[in-house]
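The lines below spell out each chain.
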Amino acid sequence: MRKVLSKQFFEYPAPHVATKLLGMYIVRKMNGTEIAFRITETEAYEGLDDLASHASKGRTLRTEVMFGEAGVFYIYLIYGLHFMLNVVTGKKGFPSAVLIRSTDAVEGPGRLTRKLSITKNLNGCKVTPNTSLWFEDRGDVVAKQNIIQTPRIGVEYSGEIWAKKPWRFVLRK
DNA sequence: ACGATGATGAAC
DNA sequence: TTCATCATCGTA
């Protein structure tokens with residue numbers, strides 16, 4: 001079974017989409033060949049109030065895509081070195097996104113984008129095979145008890161409430 | 001443990 | 001226009 005995830009899949013709150021993406025596959029087509037990795041770790045960033053989210057700064061050139069339609073990539077450079085891959089979720093006008101942190105084959109958000117040659121030029125592009133980067137449901141079943149929830153990584157600065165939100169989701173090995 | 005390395009947003 | 005701050009990684 002190979003079903004390409006369409007826009008509707010992402011039209012839900014980020015924490016929901018983040019859990020549903022576990023066990024799905026990220027597929028990348030590069031110079032003719034496809035590679036697919038099973039997603040094992042995600043994080044949700046949800047709303048203007050979420051001080052860990054870039055969107056808490058409001059609508060800016062950088063955060064604009066987070067306020068747009070679901071099913072669009074939000075990609076940015078962090079620490080001057082690593083590109084982070086996110087997918088916009090939820091309703092238009094409400095800023096939310098899911099960060100893809102790890103897969104079976106490649107762990108770490110920066111390593112993943114390097115491995116898949118993902119850079120800022122995909123920022124704002126739709127999640128579809130036309131973009132050469134998309135997601136597939138390959139029929140893997142994920143039991144709820146195999147999903148571990150923890151606070152998000154690297155957001156200590158965001159204060160008591162937001163730093164502790166259990167919006168990181170990890171698939172047990 | 002720490003330095004690399006550049007875009008972003010906020011202050012001056 | 002300058003400055004501190006980063007949703008990290010590799011080497012030590």
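Residues numbered from 1 in each chain as written. Chains lettered and ligands numbered in written order. Predicted model: local features only at pLDDT ≥ 70, side-chain atom pairs only at ≥ 80, totals over all residues. Heavy atoms only, no water.

1. Describing the protein's contact with DNA strand C
So the rule is basically this: For each residue, the test is whether any non-hydrogen atom lies within 4 Å of the molecule or strand; if one does, the residue is near. Polar contact criterion, stated in full: a pair of N or O atoms within 3.5 Å, where within protein one must be able to donate a hydrogen and the other to accept it, and residues adjacent in sequence count only if both atoms are side-chain atoms. Going along the chain from the N terminus, every DSSP run of H or I of four or more residues is numbered as a helix, and every run of E of two or more is numbered as a strand. For this classification, Asp, Glu, Lys and Arg are treated as charged, while Ala, Val, Leu, Ile, Met, Phe, Trp, Tyr, Cys and Pro are nonpolar and the rest, including Gly, are polar.
As a matter of local geometry, DNA strand C sits amid 21 residues, with Tyr76, Tyr79, Asn86, Arg111 and Tyr157 nearest to it. Take glycine 110: an N or O atom from its main chain is 2.9 Å from a phosphate oxygen of DNA strand C. At 2.4 Å from a phosphate oxygen of DNA strand C is found a side-chain nitrogen or oxygen belonging to tyrosine 157. Looking at the surface near DNA strand C, the elements with two or more residues in it are strand E4 (73-78), strand E5 (82-88), strand E6 (96-103) and helix H2 (109-115). Per element, the largest residue contribution to the surface near DNA strand C is 4 residues, and it comes from H2. Partitioned by chemical class, the residues of the surface near DNA strand C number 12 nonpolar, 6 polar and 3 charged.

2. Focus on the protein's contact with DNA strand B
Around DNA strand B, the neighbouring residues are Lys57, Thr60, Arg62, Leu77, Tyr79, Gly80, Leu81 and Lys120. Within 4 Å of the protein, atoms of DNA strand B come from sugar and phosphate in 58% of cases. Contact between DNA strand B and glycine 80: a base nitrogen at 3.4 Å from a main-chain N or O atom of the residue. Within the side chain of lysine 120, an N or O atom sits 3.4 Å from a phosphate oxygen of DNA strand B. Of the residues in the surface near DNA strand B, the class split is 3 nonpolar, 2 polar and 3 charged.

3. Overview of helix H1 (residues 14-21)
Put simply, the rule reads: For every residue, the accessible area obtained with a 1.4 Å probe (protein chains only) is divided by the maximum for its type, and the residue is called buried under 20%, exposed over 50%, and partly exposed between those limits. Here, the arc refers to the directions that run from the helix axis to the C-beta atoms.
Among all positions in H1, only Ala14, Pro15, Val17, Ala18 and Leu21 are buried. Down the axis of H1, the buried side of the element spans an arc of 165°, and every buried residue falls inside it. Note on H1: the residue one or two positions beyond its end, glycine 23, has a positive phi of about 90°.

4. Digging into the environment of tyrosine 79
Turning to its location among the elements, tyrosine 79 is positioned in the loop between E4 and E5. Separated by 89 residues in sequence, tyrosine 79 and arginine 168 place their C-alpha atoms 21 Å apart.

5. Quick look at the side chain of threonine 89
Its place among the elements puts threonine 89 in the loop between E5 and E6. What makes threonine 89 buried here is its relative accessible area of 0%. There is a polar contact of 2.8 Å between the side chain of threonine 89 and the side chain of serine 96.

6. Here's the deal with unusual backbone geometry
The phi dihedral of asparagine 31 is positive, around 30°, even though this residue is not glycine. Among the secondary structure elements, asparagine 31 is positioned in the loop between strand E2 (25-30) and strand E3 (33-46). Residue asparagine 31 is classed as exposed on the basis of its relative accessible area of 77%. If you check the backbone angles, serine 117 has positive phi at about 50° while not being a glycine. Residue placement: serine 117 occurs in the loop between H2 and strand E7 (133-137). By relative accessible area, serine 117 is classed as partly exposed at 41%.

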